[in-house]
6 protein chains.
Amino acid sequence: MRVTVNRKAHFNAAHRLYKAGWSDEKNLAVFGKCSNPLYHGHNYDLTVSVTGEVDPETGFVMDMKVLKDLIKIEIEDAFDHKNLNEEVAEFKTLNPTSENIVVVIWNKLRPKIDKRHKLSVTLYETPRNFVSYCGE
Amino acid sequence: MRVTVNRKAHFNAAHRLYKAGWSDEKNLAVFGKCSNPLYHGHNYDLTVSVTGEVDPETGFVMDMKVLKDLIKIEIEDAFDHKNLNEEVAEFKTLNPTSENIVVVIWNKLRPKIDKRHKLSVTLYETPRNFVSYCGE
Amino acid sequence: MRVTVNRKAHFNAAHRLYKAGWSDEKNLAVFGKCSNPLYHGHNYDLTVSVTGEVDPETGFVMDMKVLKDLIKIEIEDAFDHKNLNEEVAEFKTLNPTSENIVVVIWNKLRPKIDKRHKLSVTLYETPRNFVSYCGE
Amino acid sequence: MRVTVNRKAHFNAAHRLYKAGWSDEKNLAVFGKCSNPLYHGHNYDLTVSVTGEVDPETGFVMDMKVLKDLIKIEIEDAFDHKNLNEEVAEFKTLNPTSENIVVVIWNKLRPKIDKRHKLSVTLYETPRNFVSYCGE
Amino acid sequence: MRVTVNRKAHFNAAHRLYKAGWSDEKNLAVFGKCSNPLYHGHNYDLTVSVTGEVDPETGFVMDMKVLKDLIKIEIEDAFDHKNLNEEVAEFKTLNPTSENIVVVIWNKLRPKIDKRHKLSVTLYETPRNFVSYCGE
Amino acid sequence: MRVTVNRKAHFNAAHRLYKAGWSDEKNLAVFGKCSNPLYHGHNYDLTVSVTGEVDPETGFVMDMKVLKDLIKIEIEDAFDHKNLNEEVAEFKTLNPTSENIVVVIWNKLRPKIDKRHKLSVTLYETPRNFVSYCGE
């Protein structure tokens, strides 16, 4: 009896698409206005999904308050109101595309979640563009 | 050619998280304000998803009006404007966590759906907390 | 140059529609399933709107963090995960209809907001039913 | 490291549920008001999901601008502000149920997407009724 | 103590923008693809807002169930799954723009609402285009 | 017979709250993390509302395509994927709070809208924080 529990969170951040080692011109040619050297930004919405057996004692897969706090500490405190390229260590050399951000988030959360549980993360960059990753 | 058809529904209910056999004090220690003995409540949103072959005659996996009526009879009439702990038989002894509610809903719907079809249920307790179950 | 600033918040609560002094039967006759003596509940969504001059120093009508904290202290801490009829003083004798709840919220917030500012409150009981009040 | 990228789009169209070869009466008996011979219509919302490896050069599974343009050319330009039964070739003889529309959309997009990528399409006929298809 | 109560509803319909007395060519020149002679359609969302004194007996401005039923009878039953131009009497000679539809809805509801109450109607043609009318 | 027509739009931008003439320290003391010198960002959602008489010829208050194009040229092209503080002339010396942004947008649109029409603008900085301005 495996159930998936999902918790939504959000953070607001600036970024630019920028491939380290390429010139600003090449970055602009490939990434267009998303590569503006002065940055733009988003309200990122995040859904973290954990799949596992329901504990017959508590009726929980995992306590949602624990999951909420974990997302706050690991992701919101690290990313919210930040410049992803300049202030988040993982993106100093990694292009902060949605794809790369969702993998970074998954990698940060994975060690904090019970190993028997499956983890999946969905990240909305805008209401029309979103990505998901489940570690496979 | 297997397509998934999804139908949304909703019900408003009171509940408290309460493990039968534990004292109110232990319930409050584990479940916090969600265990308030005087209850709190939610607008629950439900998505029922049925996967199967498209019938070449009708172009339907299953008639959405039939699915809508089934959800009304089995779930909305049983849960809407009710106190889940006190008035819904399944939760007399089962803690009405989101996880347990979604499994109960799945179990109530499964016998009413064509055996060749796969059934999955998603339940939103709030816009930020939701769970899903597909019977595996 | 008067701008309206709006802040959303939410709380989850149990209630029943109940006119003090009427029998349970009369309450059920008038209020239907909303008067279930064992309660039901909602995820209430709240928008608090404050209209005033933009301060040329800060560019704010009022600091949104201050407004957010005010709503938390005055409304969320008082109503969230509560039984409105049994645990919120204002509804001991007042029927917790959406109309009465929105007026109570407005009355609680009005003394905390700058007198030169206009205050309006909108309360969603469900995504389909909502009410608003501006003190007039 | 396979990530799913999702792009939303929409189109507004008229249709009626109509099985070619059946009389209007039989169509009305089976499909009810959805078979009104004078048509009704919807704001269709569409999510196109592409799963594949993240390109280490660009950080993209596929360029979202390319995906957006592809959806516009293949789907929006073909379906938007059209009568599906009368003006879209695929539905001249195929009943435009949500199930059949989502399969048609998938079939139109599949040849335009990198063969190594998985494609899935979700179509909302209304906010309460939606379908999805992944080619299996 | 005047409160506004709001109720949401929806209907799905086909229409075309068409000025009676103009040729199809002139209609297409002025209204573009919205004037397609074979129609297109929308999921229309409707909010009906009624402002008045709160009744001290019931705590209601007006019973939401009564308002819900009124919208069903007057608007949903008349417009849902219909071709507005061909099947709704008011639009036989009146162009069914959003502006004209919202005025027609207001005019149909106004005689059914207590004269002491103010009535306002908002109509969403799409999530991005909407109109409102309050009879002034 | 005055109707309000509303059109939604959006832009993604970076900004920081920064009062020109104050030190970074004072800006941080007053504006907190919103004053991060390396910027953060938002998906801004915009609703532009125009109130006027319905033209009996067209059934329009104003052509929504014209309004859509006007918002694109005046606002989206100027603000989207930009750093508001550094790249938008109006905010070189004006703190880009939501209040100041909504007034700037209103001032840019007002001369382009028929003088007989009323103009109102609502700007969402996040789904929970939004402001509106109608020129009064």
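These lines cover the structure that appears in this document, whether it is placed above or below. What you see is a predicted model, and the numbers here were worked out from it, not measured in a lab.

## A word on the interface of chain E and chain C
Interfaces are often sized by the accessible area lost when the parts come together.
Step number 1: Listed by partner, the interface residues are 21 residues for chain E and 20 residues for chain C.
Step number 2: Summing both sides of the interface, chain E and chain C together bury roughly 1700 Å²; the carbon and sulfur share of this comes to 50%.
Step number 3: At the junction of chain E with chain C, the criterion picks out zero salt bridges.
Step number 4: Linking chain E with chain C are 10 residue pairs in polar contact (both at pLDDT 80 or more), by the criterion used here.
Step number 5: Among the elements that line the side of chain E that touches chain C, the one with the most residues is strand β1 (residues 2-15) of chain E, at eight residues.
Step number 6: Here the residues of the side of chain E that touches chain C are counted per class, giving nine nonpolar, six polar and six charged.
Step number 7: Pairing geometry for strand β5 (residues 129-133) of chain C and β1(E), over five bridges, is antiparallel. The partner of Val131(C) across the bridge, within β1(E), is Val5(E).

## Things to note about unusual backbone geometry
Step number 1: Positioned with a positive phi, His81(A) is a non-glycine residue whose angle comes to about 60°.
Step number 2: Note that His81(A) resides in the loop between α2 (64-79) and β3 (82-83).

## Some words on the packing of helix α2 (residues 64-79) of chain F against helix α4 (residues 98-109) of chain F
All names here are of chain F.
Step number 1: Two elements in contact, α2 and α4, have axes separated by 10 Å at closest approach and are oriented at 140°. By the angle class used here, α2 and α4 are oblique. Crossing handedness for the pair α2 and α4: right-handed. Along its contact with α2, which presents Leu-70, Glu-74, Ile-75, Ala-78 and Phe-79, the element α4 presents Ile-101, Val-104, Ile-105, Lys-108 and Leu-109.

## Focus on the interface of chain F and chain A
Step number 1: Taken residue by residue, the interface counts 21 residues in chain F and 21 residues in chain A.
Step number 2: In total, chain F and chain A occlude about 1700 Å² of area from one another, counting both sides; carbon and sulfur atoms represent 53% of this.
Step number 3: Looking only at chain F, the three residues that lose the most surface to chain A are Leu38(F), Asn43(F) and His81(F), adding up to 35% of its buried area.
Step number 4: Here Asp80(A) makes a salt bridge to Lys33(F), at a shortest N to O gap of 2.8 Å.
Step number 5: Joining chain F to chain A, the criterion identifies 15 residue pairs in polar contact (both at pLDDT 80 or more).
Step number 6: For the side of chain F that touches chain A, the elements supplying multiple residues, two or more each, are β1 (2-15), β2 (40-53), β3 (82-83), α3 (84-87) and β4 (118-126) of chain F.
Step number 7: In terms of residue count, the dominant contributor to the side of chain F that touches chain A is β2(F) (four residues).
Step number 8: When the residues that make up the side of chain F that touches chain A are grouped by side-chain class, the tally is six nonpolar, nine polar and six charged.

## Details of the arrangement of the chains
Step number 1: Between chain B and chain E there is no contact, and the shortest C-alpha to C-alpha distance separating them is 14 Å.
Step number 2: Structurally, chain D and chain F remain out of contact, their C-alpha atoms never closer than 14 Å.

## Observations regarding the pairing of strand β4 (residues 118-126) of chain C
Residue and element names in this part refer to chain C.
Step number 1: Most of β4 sits out of view: seven of its nine residues are buried.
Step number 2: Of the strand pairs in this sheet, strand β2 (residues 40-53) and β4 are connected by seven bridges, and their pairing is antiparallel. When the sheet's bridge partners are listed, Thr-47 is paired in β4 with Thr-122.
Step number 3: Sheet topology places β4 next to β5; five bridges connect them, and they run antiparallel. Within the sheet, the bridge partner assigned to Thr-122 lies in β5 and is Ser-132.
Step number 4: Counting the residues that bridge the hairpin from β4 to β5 gives two residues.

## A closer look at the packing of aromatic side chains
Step number 1: On inspection of all chains with the given rule, the structure shows 42 aromatic pairs over all chains.
Step number 2: When the ring of Tyr124(E) is compared with that of Phe130(E), the centres are 4.3 Å apart and the planes differ by 15°; the resulting orientation is stacked.
Step number 3: Exposure remark for Tyr124(E): the relative accessible area of 23% places this residue in the partly exposed category.
Step number 4: Overall, Phe130(E) belongs to the buried group, its relative accessible area being 10%.
Step number 5: An aromatic cluster is built from Phe11(A), Tyr44(A), Phe79(A) and Phe91(A), whose rings are joined through pairwise contacts.

Cut-offs used in this document
Here the residue numbering is sequential within each chain, running from 1 through the sequence in written order. Lettering for chains starts from A, numbering for ligands starts from 1, and both go in the order in which the items are written. Where totals are concerned, whole chains, interfaces and linings use all residues; where local detail is concerned, this predicted model gives features only for residues with pLDDT of at least 70, and gives and counts side-chain atom pairs only at 80 or more. As a convention, hydrogens and water are excluded, and side-chain values are obtained from all of the structure's heavy atoms. Contact definition: two residues touch when any of their heavy atoms are within 4.5 Å. A quick way to say it: buried area is the sum, across both parts, of accessible area lost when two parts are put together, with a 1.4 Å probe. Salt-bridge detection follows one rule: a side-chain nitrogen of Lys or Arg within 4 Å of a carboxyl oxygen of Asp or Glu. What qualifies as a polar contact is a pair of N or O atoms within 3.5 Å, subject to a donor-acceptor requirement within protein and to the restriction that residues adjacent in sequence count only when both atoms come from side chains. Only DSSP runs of H or I covering at least 4 residues are called helices, and only runs of E covering at least 2 are called strands; the numbering of each starts at the N terminus. In this count, Pro and Cys sit with the nonpolar residues alongside Ala, Val, Leu, Ile, Met, Phe, Trp and Tyr, while Asp, Glu, Lys and Arg are called charged and the others, Gly among them, polar. Strands are treated as partners if at least two bridges between them are detected by DSSP. To get an axis, fit a line to the C-alpha atoms, keeping to the stretch in contact for a helix; angles then go from 0 to 180 degrees between the N-to-C directions. Angle categories: roughly parallel below 35 degrees, roughly antiparallel above 145, roughly perpendicular from 65 to 115, and oblique for all the rest. By convention, the crossing between two helices is left-handed when the near helix turns anticlockwise from the far helix through less than a right angle, and right-handed when the turn is clockwise. A simple rule labels every residue: compare its accessible area, found with a 1.4 Å probe on the protein chains alone, to the largest value its type can have, and call it buried under 20%, exposed over 50%, or partly exposed in between. In summary, the pairing rule links any two rings of Phe, Tyr or Trp, Trp by its six-membered ring, whose centres are within 6.5 Å, and it sorts them by plane angle into stacked for under 30 degrees, edge-to-face for over 60 and tilted for everything else.

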